[in-house]
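Chain and residue survey
Here is what each chain is made of, one letter per residue.
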Amino acid sequence: MGTDRFCEELTALLPRLRRFARGLTRDAADADDLCQQTVERALRSRAQWQAGTRLDAWIYRIMRNQWIDEARARTRRAQTFVDADQGAGVGTAGHQDAENVVELGNVGRALGRLPDEQREAVMLVLVEGFGYREAAEIIGVPQGTLTSRLGRGREALLRELGEMA
Amino acid sequence: MSVTPEELAAYVDGELTGVAADRIAQAIAADPQLAARVEAEQRMRATLKRALDPVLAEPVPEDLTLMIAAFAAAEAEDDMTDAPVIATAKSSPAPVVDLAAARARHERQHPALPARRWTKRWGIGAAIAASLVLGLAVGPQLLSRGPVRDQGGTLVASGTLARGLEIRLAADGPGGQSLKILASFQKDDGDFCRIFEAEKTSGIACKQDGAWRLERTVATGTRQETDYRQAGSAQAELLNAAQAMAKGDPLDAERERAARANGWTK
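These lines cover the structure that appears in this document, whether it is placed above or below. Small disclaimer: the values here were computed from a predicted structure and weren't measured. (Residues numbered from 1 in each chain as written. Chains lettered and ligands numbered in written order. Predicted model: local features only at pLDDT ≥ 70, side-chain atom pairs only at ≥ 80, totals over all residues. Heavy atoms only, no water.)

Looking only at helices and strands, chain A has seven helices and zero strands in total. Along chain A, helices (α) and strands (β) appear in the sequence α-α-α-α-α-α-α when read from the amino end. For chain A, the residues scored as buried account for 51% of the 165 residues in total. If you take every contact in chain A between residues at least 6 apart in sequence, the share linking residues at least 24 apart comes to 65%. Accessible surface, chain A: about 7500 Å² in total, of which carbon and sulfur atoms supply 48%. (Helix = DSSP H or I, 4+ residues; strand = E, 2+ residues; numbered from the N terminus. Buried < 20%, exposed > 50% of the residue type's maximum accessible area, 1.4 Å probe, protein only. Contact = heavy atoms within 4.5 Å. Areas by Shrake-Rupley, 256 points an atom, 1.4 Å probe, with all protein chains shown as cover.)

Bringing the side chain of Thr 25 of chain A into the picture now. Take Thr 25 of chain A: it is sitting in helix α1 (residues 3-25). A distance of 3.1 Å separates the side chain of Thr 25 of chain A from the backbone oxygen of Asp 27 of chain A, its partner in a polar contact. (Polar contact = N/O pair within 3.5 Å; in protein donor to acceptor, adjacent residues only side chain to side chain.)

Counted by the stated rule, this structure contains 31 salt bridges over all chains. Here Glu 197 of chain B ties to Lys 180 of chain B by a salt bridge, and the two come within 3.4 Å at their closest N and O atoms. With a gap of 17 residues between them, Glu 197 of chain B in strand β4 (residues 192-197) and Lys 180 of chain B in strand β3 (residues 180-186) connect regions that are remote in the sequence. The two residues Glu 197 of chain B and Lys 180 of chain B agree in class, both being buried. It is possible to trace a salt-bridge network through shared partners that takes in Arg 16, Arg 19, Arg 54, Asp 56, Glu 128 and Glu 134 of chain A together with Asp 53 of chain B. (Salt bridge = Lys/Arg side-chain N within 4 Å of Asp/Glu carboxyl O.)

A few words on the state of the cysteines. All names here are of chain B. Scanning all chains against the criterion turns up one disulfide over all chains. Here Cys 193 pairs with Cys 206 through a disulfide, and the sulfurs are 2.0 Å apart. An S-S torsion of about 105° defines the bridge between Cys 193 and Cys 206 as right-handed. A residue pair is termed long-range when its members are at least 10 positions apart, and Cys 193 in strand β4 and Cys 206 in strand β5 (residues 201-208) qualify at 13 residues. Residue class for Cys 206 comes out buried when judged on its relative accessible area of 1%. (Disulfide = S-S within 2.5 Å.)

To continue, consider the interface of chain B and chain A. The accessible area lost on association of the parts is a frequent measure of interface size. Taken together, the contact pairs 35 residues of chain B with 39 residues of chain A. Summing both sides of the interface, chain B and chain A together bury roughly 3500 Å²; the carbon and sulfur share of this comes to 66%. Across the contact surface, chain B and chain A share six salt bridges. Arg 154 of chain A is the partner of Glu 41 of chain B in a salt bridge, and the nearest nitrogen-oxygen pair spans 2.6 Å. (Buried area = accessible area lost by both parts, 1.4 Å probe.)

This part takes up the packing of helix α1 (residues 5-12) of chain B against helix α2 (residues 18-30) of chain B. Each pair of packed helices gets described by two things: the angle between the helix axes and the distance between those axes. Residues and elements named next belong to chain B. It is the contact of α1 with α2, at a shortest axis distance of 10 Å, that shows an interaxial angle of 105°. Between α1 and α2, the crossing angle belongs to the class labelled roughly perpendicular. Residue-level inspection shows Glu 7, Leu 8 and Tyr 11 of α1 in contact with α2, the latter providing Ala 21, Arg 23, Ile 24, Ala 25 and Ile 28. Of the residues belonging to the contact of α1 with α2, the class tally is six nonpolar, no polar and two charged. (Axes fitted to C-alpha atoms, helices over the stretch in contact; angles between N-to-C directions. Parallel < 35°, antiparallel > 145°, perpendicular 65-115°, else oblique. Nonpolar A, V, L, I, M, F, W, Y, C, P; charged D, E, K, R; others polar.)

Turning next to helix α6 (residues 132-139) of chain A. Residue and element names in this part refer to chain A. For α6, the tally of buried residues reaches six of eight residues, placing the bulk of the element in the interior. Taken together, the buried positions of α6 are occupied by Tyr 132, Glu 134, Ala 135, Ala 136, Ile 138 and Ile 139. One or two residues past the end of α6 sits Gly 140, with phi positive at roughly 85°.

Residues and elements named next belong to chain A. The geometry of α1 relative to helix α2 (residues 28-44) is characterised by a closest axis approach of 9 Å and an angle of 145° between their N-to-C directions. As for the relative orientation of α1 and α2, their crossing is right-handed in sense. In contact with Phe 6, Cys 7, Leu 10, Leu 14, Leu 17, Arg 18, Ala 21, Arg 22, Leu 24 and Thr 25 of α1, α2 contributes Ala 28, Asp 30, Ala 31, Asp 32, Leu 34, Cys 35, Val 39, Ala 42 and Leu 43. The class makeup of the residues in the contact of α1 with α2 is 14 nonpolar, one polar and four charged. (Left-handed = near helix turned anticlockwise from the far one by under 90°.)

Here you go:
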């Protein structure tokens, strides 16, 4: 695929990438940052994409890995902050939760209570519509691991969102 | 017939086909509890989608599309000869033709770029985005090769800078070149001017009496990812200055090319 085609397809993917980012971060500003970083990474590592494989899965993997890195960095920052404040308990996580409510309502809250690994599985399969195999490849785990994370995430969401409909 | 929650989920997720899918479908038809469970799953999915799908309809931030467009334009130019800054238009017309072709190709594929509004016409977003993607522009360091000389008290461009100002088009996009033209415009007196960005210095140069006089220069600033706002502010300063100097809008691609063909004379 030539650069033009690659860039066209990447551009066409942007709305979906933004949706995935919103689900992962549950915050509009964080999601935009994540998209920006993802597109930068995708353009920089364009040579690593193998023609004949799904471009969308490749870019979702970049986004997912980028978010994991970011989440780890946040955890470290939050811990440092808490240590410095002698356990005052104010970190980025609490702040973010307040914003979630505004962005995605009950769904954002419910997604926010899931562990990261369940949230990404839920997002990839139930929202983004990837098959189990693709979703497992994006996350980089065996398919059985994916389905078990998905199952737990699904149960939790059913409990929380079940009565809403 | 027993159906595990995993099987039921796989059925709802569309992972089962053929006989396996038929078996679950029959079980659901025969068991109201299973059917209720499937319905709950589908409602939950619908709830997720209702919350998240509106993101699909949101306008995509321009930063993103510009970043990708700038990358595509830069690659397209890399495919062309990289001779234009080295050769002059007169001694070697070929690069000019190639650049025009690249520009036409780019416009065909990205009709939205360049946009017609002033602020968009400057391509600042694209330039910043390209800096993000490409990192520091490579190429000869203009200042060390003496791009500027003093001509009767006025700074005029010489060497590589002068040739780049003469030949390069804003519509070329930033490319991997050390010199980028951000926009071209005409002053009140009709002189043609160009906003340029080179590795170390950016500025506005106007063609007068056959020479590119530097009307204004600023340090280009650090074009590294973390500092892109800094680079942007240098450009914004030039934009404001240019807007004050200019008569009307910046040249569109066609007028810019015509002006180049005419040697940037009034």
